[in-house]
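Spelled out from the first residue to the last, the chains are:
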Amino acid sequence: MAAGRAAVVCGLGTHLPSRVVTNEDLARELDTSDEWIRSRTGIGQRHIAEEGIATSDLAVEAGGRALKSAETDAVDTVIVATSTPDHTCPATAPTVAARLGLGTVPAFDVAAMCTGFLYGLAVGGGLIAAGTADSVLVIGAETYSSILDPEDRSTRAIFGDGAGAVVLRAGEPEEPGALGPVILGSDGTGSELIRIPSGGSRDPIRAEHIERADPYFRMAGTRVFRNAVERMVDASREAVSRVGWTLDDIEVFVAHQANVRIMNAVADQMRLPRSRFPVHLDRVGNTAAASIPLALADAVTTGALRPGQRTAIAGFGGGLTWGAATLTWPDVTPV
Ligand code: UT7
């Protein structure tokens, strides 16, 4: 590893589809209510892509804006974190790179569900630290509306579509925006808690058994909830101690926006004021791999996250997977 090279966040871009679906809209279709969704999750509405819009369409928008925010039109590598790729194969990232006019750069997907953006940051940061790349575009992009069961109130209430992206460049470990070590983990013994049962090699969808195939996203919410809190707290403690901070040094904690009750539980367990955890899910729901960059951009826009603030980011998702990292927030304007 090249000594002293850090990956520094130097651009931030987002994109949300324009169509908004409120809790009241859902309650007209499903046996649910604004009161249930708000009190159990904190979510008030979500953005849903129009029919025919795919993950790469959202990723191109957010990626292009991140490049603009970084005032560049070239990067060495493109990573797309997604669990809703355009196709099972090939990966979505090469399409995105081509459509962004980035030429023949390496481009690949990272599949870690809601933790995908943190995994993407770790891989992109590692490529920079090793001297393999000088700049990396990391995009989290999802169209969960394409995998949700229209009849499943527990998932349709939660998930939304969107994309967020950062540009990483090579820099110094002490400068604002430099990523600290990204702490990652997984526990495959919990793989059945969040999954799409059919459509992969374990249970291919074939014409002769189409009636027993389940092509929709399924989540055992309560068991995921308990795991999420414990894993995010542990990973965040480790990320903070690895950069020599104490927990109270965290001025802003941008958590994966899955459920405001999870964020409150993480805050309480870490004995941090809940006010240090910016909330974005009230307006966008859980956007999986897009959630952290979308929440970072929203926090900058609302003034909750300012240059120079010591910032933690943490996420949790299917796999099971989780991760956390720290950085001092740089002077970056989201586009
Ligand atoms: O982002 C990746 C990781 N994912 C997460 O972190 C999600 C973590 N889990 C959660 O956020 C919560 O578990 C949920 C919001 C998904 C569910 O909340 P919960 O408090 O765990 O509720 P539950 O699943 O235990 O369901 C309680 C009841 C059930 O009814 P019965 O069986 O008690 O009669 C559900 O059918 O609430 C019912 N329910 C709903 N009722 C009205 C579930 N969804 C809805 C709904 N509206 N939308």
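About the criteria used
- Residues numbered from 1 in each chain as written.
- Predicted model: local features only at pLDDT ≥ 70, side-chain atom pairs only at ≥ 80, totals over all residues.
- Heavy atoms only, no water.
- UniProt positions renumbered as here; feature names shortened; annotations may be inferred.
- Helix = DSSP H or I, 4+ residues; strand = E, 2+ residues; numbered from the N terminus.
- Near = heavy atom within 4 Å.
- Polar contact = N/O pair within 3.5 Å; in protein donor to acceptor, adjacent residues only side chain to side chain.
- Areas by Shrake-Rupley, 256 points an atom, 1.4 Å probe, with all protein chains shown as cover.
- Domains from an automatic or database assignment.

For the protein chain, an unreviewed UniProt entry supplies the name Beta-ketoacyl-[acyl-carrier-protein] synthase III and the organism Streptomyces physcomitrii. Under the heading Subcellular location (unreviewed entry), UniProt records this for the protein chain: "Cytoplasm". Here the protein chain is described in UniProt, under the heading Subunit (unreviewed entry), as follows: "Homodimer."

Right, let's get into the UniProt feature "domain: Beta-ketoacyl-[acyl-carrier-protein] synthase III C-terminal" (unreviewed entry) in the protein chain. The feature "domain: Beta-ketoacyl-[acyl-carrier-protein] synthase III C-terminal" (unreviewed entry), as annotated in UniProt, sits at residues 242-329 in this numbering. Span residues 242-329 is 31% helix and 23% strand, its end C-alpha atoms 17 Å apart.

It is worth spelling out the site of the ligand at this point. The ligand sits among 22 residues. The nearest are Thr32, Arg40, His256, Asn259 and Asn286. Between an oxygen atom of the ligand and a side-chain N or O atom of His256, the distance comes to 2.8 Å. In the environment of the ligand, an oxygen atom lies 2.8 Å from a nitrogen or oxygen atom belonging to the side chain of Asn259. Contact with the protein chains hides 73% of the accessible area of the ligand, taken as 950 Å² for the molecule alone. Elements that contribute at least two residues to the shell around the ligand include exactly helix H2 (34-41), helix H6 (153-156), helix H7 (221-242) and helix H8 (260-269). Two domains each provide a minimum of three residues to the shell around the ligand, namely domain 1 (6-171) and domain 2 (183-328).

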